[in-house]
Amino acid sequence: MANLLAKKPLSLLCAEAAETGEHSLKRTLGAFQLTALGVGAIIGAGIFVLSGLGAHYAGPGLMLSFVLSGLGCAFAGLCYAEFAAMIPLAGSAYTYAYATLGEIFAWIIGWDLTLEYAMGASTVSSGWSNHFIELLNIFHLKMPLWLAYDHWTGLRQAETIIARQMAQASDSSLVPGTQAFLAKVTAIMGAQSPELLQRAHDLLAAPILFGHEIGINVPAFIIAMVITTILAIGIKESARFNATIVVIKVSVVLFVIALGFAYVSKGNWGMSWSSFAPYGFSGIGAGAAYIFFAYIGFDAVSTTAQEAKNPQRDLPIGIITSLLVCTVLYILVSAVLTGMVPWRDINIEAPIARAFMDRGLTTASHIITLGALAGLTSVMLVMLLGQTRVLYAMANDGLLPKKFFAAVHPKFRTPWKNTILVGLLAATVGSLTPIDDIGKMVNIGTLLAFVIVSMAVLVLRRTNPGQPRPFRTPWVPFVPIMGVLSNGYMMYKLGIVNWLRLIIWLIIGLVIYFTYSRHHSHVQALEREANRSPAPTMAD
């Protein structure tokens, strides 16, 4: 057990952070680029899609749901900022846990971050594809379903299209996107009638290979590989590309807020607490847990610590500023949505775009689709970037094969082999598998990382109070404790099924740790060497 809790000395971490040369990462990022990476990671399709689902739990109190989620992230973000400034190394929460809680916790959080970043990128690539297909539909261009989705998702999409047609044919008064309409569609799909199945297979029109229908999400695969290529070429080029995309999507969000407020009816926000929060604080908490995905990513800023010019100053600025900007934008967007549409009537599938469409603002809804597409592009870039840097840090510690995962390209100064592998993995998973359930796992994995980092600040303040801290988390122990409680509460609200998935994922990770990583750990090798050294004698 003592070996499992072996800690990486802070002196060794600081020495690694000071390394330079062709085998180290290139320091080119300033405060603006780091803030842009944070905003790029946070604002994606979540605000354009999840706000509808959150509103059906929280009502107009959705604004408070975003505040609650934002507070949970802010508490964790302040803890991240202290560590990022103190230990300016790639690896994020993995590195921080290694320095404070021990190797087994570091491995768990590193494996957990794979769930957040790599699987998150796969989820986002599929979401990007959906919005790309929407964009094609605007120009009346159609892709065959078997080339636009993996087989299972394509078949379900075909069933959904047919079920929606059957629902409208059965009752012309049903309005697409409402709960009543979706309930009817769900009932038709649940019945799985022979007519529905036959018409769905006819619509899918998938080719047969070895007796089975096939399908591949081509847009998801292509965008993941394009992003991978940009990341492999260089961090400076990646940051420049990300900053351009961030300007586009923030402009779209500001456009939504400015135009939407002209159509707000204050009565839709409710005249009392019961009408503002129809399901009380419990509903606001549930809404916060479901919209949390819209906040995921700010922690990825800390994975670029070894590529920041002045990490002690700029990393806290990047983390805190990006969180603050996005929280304000999210609250304003949710205020516009719940003010434009009574909460019971908010469309779940495309809430904001539908709110504008219902007022005849077709061009505005098309601009929102473009904004969601841009948002997902930068989210994917930052998630893949974060994943490659965590694997790079783990490989440098011997927990993964160093010659592959920590190999730095002599010209581009990026972990190129690692980047290509992660990109291929994300592209393959996103294009061949239905990843809805994986997307739900991403939330609980991220919340676990936030809880552990918040705990780690408390531990290090007690075990090493004299360590220089360029940025200090304020109001300790209040902020770290609130980070643990608020993010732990949102984990609880995600339900038992997601907890079971997380446990299974962690068990797989522990099998890898005990069969490979533990035996190749540099920290454990140092401990074994120290234990073998003879104790000094009186003669010495």
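Cut-offs and rules
Residues numbered from 1 in each chain as written. Predicted model: local features only at pLDDT ≥ 70, side-chain atom pairs only at ≥ 80, totals over all residues. Heavy atoms only, no water. Helix = DSSP H or I, 4+ residues; strand = E, 2+ residues; numbered from the N terminus. Rg over C-alpha atoms; globule rule 2.2 N^0.38 Å. Buried < 20%, exposed > 50% of the residue type's maximum accessible area, 1.4 Å probe, protein only. Contact = heavy atoms within 4.5 Å. Areas by Shrake-Rupley, 256 points an atom, 1.4 Å probe, with all protein chains shown as cover. Lys, Arg positive; Asp, Glu negative; His and termini not counted. Charge placed at Lys NZ, Arg CZ, Asp CG, Glu CD. Arc of directions from axis to C-beta. Axes fitted to C-alpha atoms, helices over the stretch in contact; angles between N-to-C directions. Parallel < 35°, antiparallel > 145°, perpendicular 65-115°, else oblique. Left-handed = near helix turned anticlockwise from the far one by under 90°. Polar contact = N/O pair within 3.5 Å; in protein donor to acceptor, adjacent residues only side chain to side chain. Patch = residues over 30% accessible without salt bridge, like charges linked within 9 Å, V, L, I, M, F, W, Y side chains within 5 Å. Salt bridge = Lys/Arg side-chain N within 4 Å of Asp/Glu carboxyl O. Phe/Tyr/Trp six-rings, centres within 6.5 Å; stacked < 30°, edge-to-face > 60°. Expected span 1.5 Å × (residues − 1). Core = buried A, V, L, I, M, F, W, Y, C linked by side-chain atoms within 4.5 Å.

(A) Quick look at the overall build of the protein chain. Helix and strand counts for the protein chain stand at 23 helices and two strands. Whereas a compact globule of 540 residues would reach a radius of gyration of roughly 24 Å, the protein chain reaches 24 Å, a difference of no more than 12%. In terms of principal-axis extent, the alpha carbons of the protein chain reach across some 95 × 60 × 40 Å. The burial tally for the protein chain puts 57% of its 540 residues in the buried class. A fraction of 83% describes how many contacts in the protein chain between residues 6 or more apart in sequence connect residues 24 or more apart. With the model as given, the accessible surface of the protein chain reaches about 22200 Å², and the carbon-plus-sulfur share is 68%. Separation between the mean location of the 34 positive side-chain charges and that of the 27 negative ones in the protein chain comes to 6 Å.

(B) Inspection of helix α10 (residues 194–204) at higher detail. Within α10 the residues assigned to the buried category are L196, A200 and L204. End-on, the buried residues of α10 take up no more than an arc of 60°, which puts them together on one face. Buried residues belonging to α10 abut α7 (145–148), α8 (151–170), α9 (179–191) and β2 (212–213). Immediately downstream of α10, the backbone of A205 shows phi near 50°, a positive value.

(C) Main features of the packing of helix α2 (residues 31–42) against helix α17 (residues 362–396). For the pair α2 and α17, interaxial distance at closest approach is 7 Å and the crossing angle is 115°. As the angle between them shows, α2 and α17 are arranged roughly perpendicular. In the packing of α2 onto α17, the handedness of the crossing is left-handed. Where α2 approaches α17, its residues L37, G40 and A41 are matched on the opposing element by G375, S378, V379, L381, V382 and L385.

(D) Inspection of the environment of S275 at higher detail. Looking at where S275 falls in the secondary structure, it is placed in helix α13 (residues 273–276). Residue classification places S275 among the partly exposed positions, given a relative accessible area of 26%. Sequence separation of S275 and G61 is 214 residues, and the distance between their C-alpha atoms is 8.9 Å. Not counting the four nearest positions on each side in its chain, S275 is found in contact with P60, W269 and G270. A polar contact of 3.0 Å, which involves the side chain of S275, links it to the backbone nitrogen of M271. Of note is the side chain of S275, whose polar atom sits 3.0 Å from the backbone nitrogen of S272.

(E) Examining a positive patch on the surface more closely. On the surface, K26, K236, R240 and K309 cluster together into a patch of positive charge. By the element assignment, R240 lies in helix α12 (residues 235–260).

(F) Quick look at the packing of aromatic side chains. Evaluation of the coordinates by the stated rule reveals 16 aromatic pairs. Between F66 and Y295 the ring centres are 6.4 Å apart and the planes differ by 55°, which places this aromatic pair in the tilted class. Note that F66 is positioned in helix α4 (residues 62–86) and Y295 in the loop between α14 (280–291) and α15 (311–340), a separation of 229 residues in sequence. The class of Y295 is buried, set by a relative accessible area of 0%. Ring geometry for Y513 against F514: centres 5.0 Å apart, planes inclined by 80°, an arrangement best described as edge-to-face. Y513 sits in the buried class, given a relative accessible area of 0%. By relative accessible area, F514 is classed as partly exposed at 36%. Feature note: the residues W107, W111, W505, Y513 and F514 constitute an aromatic cluster, connected by ring pairs.

(G) Summary view of the side chain of S378. The topology assignment puts S378 in helix α17. Take S378: its relative accessible area is 1%, and that puts it in the buried class. The contacts of S378, once residues within four sequence positions are left out, are G40, I43, N242, I245 and K249.

(H) Spotlight on the pattern of salt bridges. By the definition in use, this model includes seven salt bridges. One salt bridge connects R389 with E307, and the closest N-O pair in it is separated by 2.6 Å. Of this pair, R389 sits in helix α17 while E307 sits in the loop between α14 and α15, and the two are 82 residues apart along the sequence. The exposure classification of R389 matches that of E307, with both residues buried.

(I) Expanded view of α14. With 12 residues, α14 should cover 16 Å at 1.5 Å per step; its first-to-last C-alpha distance of 17 Å lies within 8% of that length. Counting buried residues along α14, nine of its 12 residues qualify, which places the element largely inside the surrounding structure. Buried within α14 are the following residues: G280, G283, I284, G285, A286, G287, A288, A289 and I291.

(J) Seen up close, the nonpolar core. Membership of the largest hydrophobic core comes to 152 residues, with the highest contact counts inside it found for I43, Y80, F83, I87, Y94, F298 and M380. A per-element tally of this core places α17 first, with 18 residues. When neighbours within four sequence positions are excluded, Y80 is seen to be in contact with S92, A93, Y96, F298, D299, S302, I319, A449, F450 and V453. Membership of the second largest hydrophobic core comes to 11 residues, among which are M166, L174, L182 and V185.

(K) Fine view of unusual backbone geometry. A cis amide bond, omega 15°, links V476 with the succeeding residue P477. One non-glycine residue with positive phi stands out, namely F210, at about 55°. Within the secondary structure, F210 sits in the loop between β1 (208–209) and β2. Judged by its relative accessible area of 75%, F210 falls in the exposed class.

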